[in-house]
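Descriptive structure summary
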Amino acid sequence: MSADPGDDPHVRLLLGAYVLDALEAEETCRVARHLQLCDGCARDYVEVAEAAAMLALLRAEDLRE
């Protein structure tokens with residue numbers, strides 16, 4: 001991995017949808033390619049994925065407290 005993503009714009013705004021598998025196939029491929037090239041976006045992806053995993057542990061009762 002390198003710190004330079006090349007000409008591909010950063011994908012941080014798409015990471016939430018990427019983690020939730022909510023992107024069109026073309027966008028999914030673009031984000032995946034970018035994450036292989038950009039350390040910053042890859043670090044952000046890990047944070048978003050961890051947050052999504054933590055949200056999956058919540059129960060409805062937890063949200064009412």
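Conventions adopted
- Residues numbered from 1 in each chain as written.
- Predicted model: local features only at pLDDT ≥ 70, side-chain atom pairs only at ≥ 80, totals over all residues.
- Heavy atoms only, no water.
- Phe/Tyr/Trp six-rings, centres within 6.5 Å; stacked < 30°, edge-to-face > 60°.
- Helix = DSSP H or I, 4+ residues; strand = E, 2+ residues; numbered from the N terminus.
- Core = buried A, V, L, I, M, F, W, Y, C linked by side-chain atoms within 4.5 Å.
- Buried < 20%, exposed > 50% of the residue type's maximum accessible area, 1.4 Å probe, protein only.
- Contact = heavy atoms within 4.5 Å.
- Salt bridge = Lys/Arg side-chain N within 4 Å of Asp/Glu carboxyl O.
- Axes fitted to C-alpha atoms, helices over the stretch in contact; angles between N-to-C directions.
- Parallel < 35°, antiparallel > 145°, perpendicular 65-115°, else oblique.
- Left-handed = near helix turned anticlockwise from the far one by under 90°.
- Nonpolar A, V, L, I, M, F, W, Y, C, P; charged D, E, K, R; others polar.

1. Examining the packing of aromatic side chains
Inspection of every chain in the model, using the stated rule, returns one aromatic pair. Residues Y18 and Y45 carry aromatic rings whose centres are separated by 5.7 Å and whose planes lie at 70 degrees to one another, so their mutual orientation is edge-to-face. In this pair, Y18 is assigned in helix 1 (residues 15-19) and Y45 in helix 3 (residues 39-55), connecting sequence segments 27 residues apart.

2. Side note on the nonpolar core
With eight residues, the main nonpolar core is built from V11, L14, L15, L23, V31, L35, C38 and C41. Sequence-distant contacts of L14, that is, excluding residues within four places in its chain, are made with L23, E27, R30 and V31.

3. Points about the pattern of salt bridges
Taken as a whole and judged by the stated rule, the model has two salt bridges. With a shortest N-O distance of 2.4 Å, R12 and D44 are connected by a salt bridge. Of the two residues, R12 is situated in the segment before helix 1 and D44 in helix 3; the sequence distance between them amounts to 32 residues. Residue D44 is classed as partly exposed on the basis of its relative accessible area, which comes to 23%. Among the salt bridges present, the one from E61 reaches R59, with a minimum N-O distance of 3.9 Å. Of the residues examined, E61 reaches a relative accessible area of 41% and is grouped as partly exposed.

4. Some thoughts on the environment of A17
Among the structural elements, A17 can be located in helix 1. Between the alpha carbons of A17 and V48 there is a distance of 9.8 Å; along the sequence they are 31 residues apart. Leave out the neighbours within four places in its chain, and A17 touches A22 and L23.

5. A look at the packing of helix 2 (residues 25-37) against helix 3
When two helices pack together, their arrangement is captured by the angle between the axes and the distance separating the axes. In contact at an axis separation of 6 Å, helix 2 and helix 3 are set at 115 degrees when each is read in the N-to-C sense. Taken as axis vectors, helix 2 and helix 3 run roughly perpendicular relative to one another. Read as a crossing pair, helix 2 and helix 3 show a hand that is left-handed. Across the interface between the two elements, H34, L35 and L37 from helix 2 touch D39, C41, A42 and Y45 from helix 3. Of the residues contributing to the contact of helix 2 with helix 3, the split by class is five nonpolar, one polar and one charged.

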